[in-house]
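Chain residues, written in single-letter form:
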Amino acid sequence: SFLLVVIFGGPLVAVFLWVIGVAGPRFYLYTWALLAVVQLLAIVIYPTVIQPLFNKFEPLPAGELREAIEALASRLHFPLKKLYVVDGSKRSSHSNAYVFGFFKSKRIVIYDTLIGQCTTEEIVAIVGHELGHWKMNHVPRMLAMAQIQTFLVFFAFGCFVGEEAMYASFGARTAPVMLGFVFFQYLYEPLGSVLQFCSNVVSRINEFQADAFSKKLGYGKQLAAGLIKLQIENKSTMNPDPLYSAYHYSHPPLVERLNALDNPHVAPKTE
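Because the structure is predicted, anything quoted here is derived from the model rather than measured. (Residues numbered from 1 in each chain as written. Predicted model: local features only at pLDDT ≥ 70, side-chain atom pairs only at ≥ 80, totals over all residues. Heavy atoms only, no water.)

### With respect to the overall build of the protein
A tally of helices and strands in the protein yields 10 helices and 4 strands. Secondary structure elements of the protein occur, N-terminal to C-terminal, as α-α-β-α-β-β-β-α-α-α-α-α-α-α. Dimensions of the protein, computed from C-alpha atoms along their principal axes, come out at roughly 65 × 40 × 35 Å. Relative to all contacts within the protein whose residues are 6 or more apart in sequence, the contacts with residues 24 or more apart total 71%. Averaging the coordinates of the 22 positive side-chain charges in the protein and doing the same for the 19 negative ones gives two points 7 Å apart. (Helix = DSSP H or I, 4+ residues; strand = E, 2+ residues; numbered from the N terminus. Contact = heavy atoms within 4.5 Å. Lys, Arg positive; Asp, Glu negative; His and termini not counted. Charge placed at Lys NZ, Arg CZ, Asp CG, Glu CD.)

### Regarding a nonpolar patch on the surface
A contiguous nonpolar surface patch, about 640 Å² in accessible area, is contributed by V37, L40, L41, I43, V44, I45, V49 and F102. Broken down by element, the nonpolar patch gets its largest block of residues, 7 residues, from helix α2 (residues 27-50). Relative accessible area serves as the criterion here: at 40%, L40 is assigned to the partly exposed category. (Patch = residues over 30% accessible without salt bridge, like charges linked within 9 Å, V, L, I, M, F, W, Y side chains within 5 Å. Areas by Shrake-Rupley, 256 points an atom, 1.4 Å probe, with all protein chains shown as cover. Salt bridge = Lys/Arg side-chain N within 4 Å of Asp/Glu carboxyl O. Buried < 20%, exposed > 50% of the residue type's maximum accessible area, 1.4 Å probe, protein only.)

### Observations regarding the packing of helix α1 (residues 2-23) against α2
Helix packing for two helices is described by the angle between their axes and how far apart those axes are. The interhelical angle for the contact between α1 and α2, taken along N-to-C directions, is 160°, at an axis separation of 9 Å. Taken together, α1 and α2 sit at an angle that is classed as roughly antiparallel. For α1 against α2, the interelement crossing comes out right-handed. Mapping the contact onto sequence places L4, F8, L12, V15, F16, V19, I20 and A23 in α1 and F27, Y30, T31, L34, V38 and I50 in α2. Among the residues making up the contact of α1 with α2, the classes are represented as 13 nonpolar, 1 polar and no charged. (Axes fitted to C-alpha atoms, helices over the stretch in contact; angles between N-to-C directions. Parallel < 35°, antiparallel > 145°, perpendicular 65-115°, else oblique. Left-handed = near helix turned anticlockwise from the far one by under 90°. Nonpolar A, V, L, I, M, F, W, Y, C, P; charged D, E, K, R; others polar.)

### Points about the sheet that holds strand β1 (residues 57-59)
If you walk across this open sheet you meet the 4 strands as β1-β2-β4-β3, and the pairing is mixed. The sheet terminates laterally at β1 and β3 (97-102), the two strands that pair on one side only. If you compare each strand with its neighbour and ignore which way they point, the axes differ by 30° on average. Here 6 bridges tie β3 to strand β4 (residues 105-111), and the two strands are oriented antiparallel to one another. Paired with Y98 across the strands is V109, a residue of β4. (Pairing = 2+ DSSP bridges.)

Following this line, the structure appears as structure tokens:
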């Protein structure tokens, strides 16, 4: 992990500083575009190049589970190209399943811990939840929100980077750009908190909608059972204070999700 940070982070910071130096007062437009390109490349490179350095991905063996997932993908016209199982158990008992890929080359990854903890129907219900995110375009929408947030960060930084008072307030006698960016992050925290809260609100709505999508497929009870097992194995807080979770959690806590599955009027509509 440290080597990857050095290999990728060092050149990225150097390019970042170079763009600020040559782009003039509107550098925030170019740095935002640069980071957007880097993020898109990371989405492509991370699951196919970086993550295999830490985990082993193998095709899901033929059997009941593979047939059930392939049948669900076919039912939803999901362009499934690869179906993998990853050895998440080598580090922890954390369980998960996720979908990644662009256009007609989609892949589903299932943790081996999930296979050991849940029944076939419960795993298919969890995969149905992930396919709900795909069906309702949640990932592109969250990516677009992230780009808006990134733009606001760089725009605000452009308003402060030349202010000598900011550097003086932190006791700095010089005003290098990188030091200014570090100082700016402290000034940005109030706005960042508001934006993070907004992001969490949208993310939680997406999770409720994906749960409702899986239930609509006929996996409501199986999803509820699977979520309970995941929560126990992942050792997450099941029923935190509602105001605390609304601010800090990007996913609704278990009790809220179960209530929404039991009462569809609690969660946002999927349409």
